[in-house]
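So you can see what is in the structure, the chains are spelled out below.
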Amino acid sequence: MRTPFFFLLFCCCMLNACKEKTYHSQLALLYKNTVPLIEPDSLAAMLKQEDTLLLLDTRAPEEWLVSRLPGARFAGFETFDSSGWMLAPKDMPVVLYCSIGWRSEKIGERMQQAGFKKVYNLYGGIIEWKNLGHPLLGTNGEPTEEVHTYNRYWGIYLTNGIRVYEK
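Scoring rules and cut-offs
Residues numbered from 1 in each chain as written. Predicted model: local features only at pLDDT ≥ 70, side-chain atom pairs only at ≥ 80, totals over all residues. Heavy atoms only, no water. Core = buried A, V, L, I, M, F, W, Y, C linked by side-chain atoms within 4.5 Å. Buried < 20%, exposed > 50% of the residue type's maximum accessible area, 1.4 Å probe, protein only. Helix = DSSP H or I, 4+ residues; strand = E, 2+ residues; numbered from the N terminus. Contact = heavy atoms within 4.5 Å. Pairing = 2+ DSSP bridges. Axes fitted to C-alpha atoms, helices over the stretch in contact; angles between N-to-C directions. Phe/Tyr/Trp six-rings, centres within 6.5 Å; stacked < 30°, edge-to-face > 60°. Lys NZ or Arg CZ within 6 Å of the ring centre and 35° of its normal.

What should I look at first to understand the nonpolar core in this one?
Burial of nonpolar side chains together is a common tendency in soluble globular proteins. Counting residues in each nonpolar core, the largest one holds 25 residues, and the members touching the most others are Leu43, Leu69 and Ile127. For this core, the elements supplying multiple residues, two or more each, are α1 (5-30), α2 (40-49), β4 (94-97) and α5 (125-131). Other than its neighbours up to four places away in sequence, Leu43 contacts Ile38, Leu53, Leu55, Leu69, Val95, Leu122 and Trp129. One finds Leu96, Ile107, Met111 and Phe116 within the second-largest nonpolar core, a separate group that totals 15 residues.

Mind showing me how you'd approach the sheet that holds strand β2 (residues 54-57) here?
Ordered in space as β1-β5-β4-β2-β3, the five strands form an open sheet in which the pairing is parallel. At either margin of the open sheet sits one strand with a lone partner, and together these are β1 (37-38) and β3 (73-74). One ladder, built from three bridges, connects β4 with strand β5 (residues 119-122); its direction is parallel. Among the inter-strand pairings, Val95 is bridged to a residue of β5, identified as Tyr120. Helix α4 (residues 102-113) contacts β2, β4 and β5 of the sheet and is inclined by roughly 150 degrees relative to β4.

Looking at this structure, how should I read the packing of aromatic side chains?
One pair of aromatic rings is described through two measures. These are the centre distance and the angle between the planes. Considering all chains together, one arrives at eight aromatic pairs under this definition. Aromatic pair Tyr153 and Trp154: ring centres 4.9 Å apart, planes at 85 degrees, arrangement edge-to-face. Between Trp154 and Tyr157, the ring centres sit 5.8 Å apart and the planes meet at 45 degrees, which makes this aromatic pair tilted. Note on Trp154: relative accessible area 10%, which makes it buried. The exposure class assigned to Tyr157 is buried, which follows from its relative accessible area of 5%. Members of the aromatic cluster, connected to one another through ring pairs, are Tyr23, Tyr153, Trp154 and Tyr157. Over the aromatic face of Trp64 sits the side chain of Arg68, whose NZ or CZ is 3.7 Å from the ring centroid.

Structure follows, in structure tokens:
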């Protein structure tokens, strides 16, 4: 007996729904909620309106070289030093991101300790940003579909882009 096409389509949709639910469950377990979260769609709207916003990429250099959010500055995780950003006004909005939001939450805590008052962590990081269809720029400043997903485990949650693990 042949399996009907619509049954297979239904199964695929259910698997994707389960994967998405698992991703959000994983994030809920990882976040300590010490830094307020900002949704990707809210950040996209903010970037269109906000002139003074500090957008910091807290990933490793090899991740940064694959792609980044437009307007982001490299801050790193292992080498992060909050004193490098001390000239920025303390009331300027600061949005941090990494692959999923764990590393950026840690850096956000340090920015708060340094006196920054409006610090936000991008919910789901660059993976959720790209999954929702927001643009990324490559090393050359041109649009790209590539996303360094940190590792293969987190890569399974990228549903809208090209997974890269090493460049």
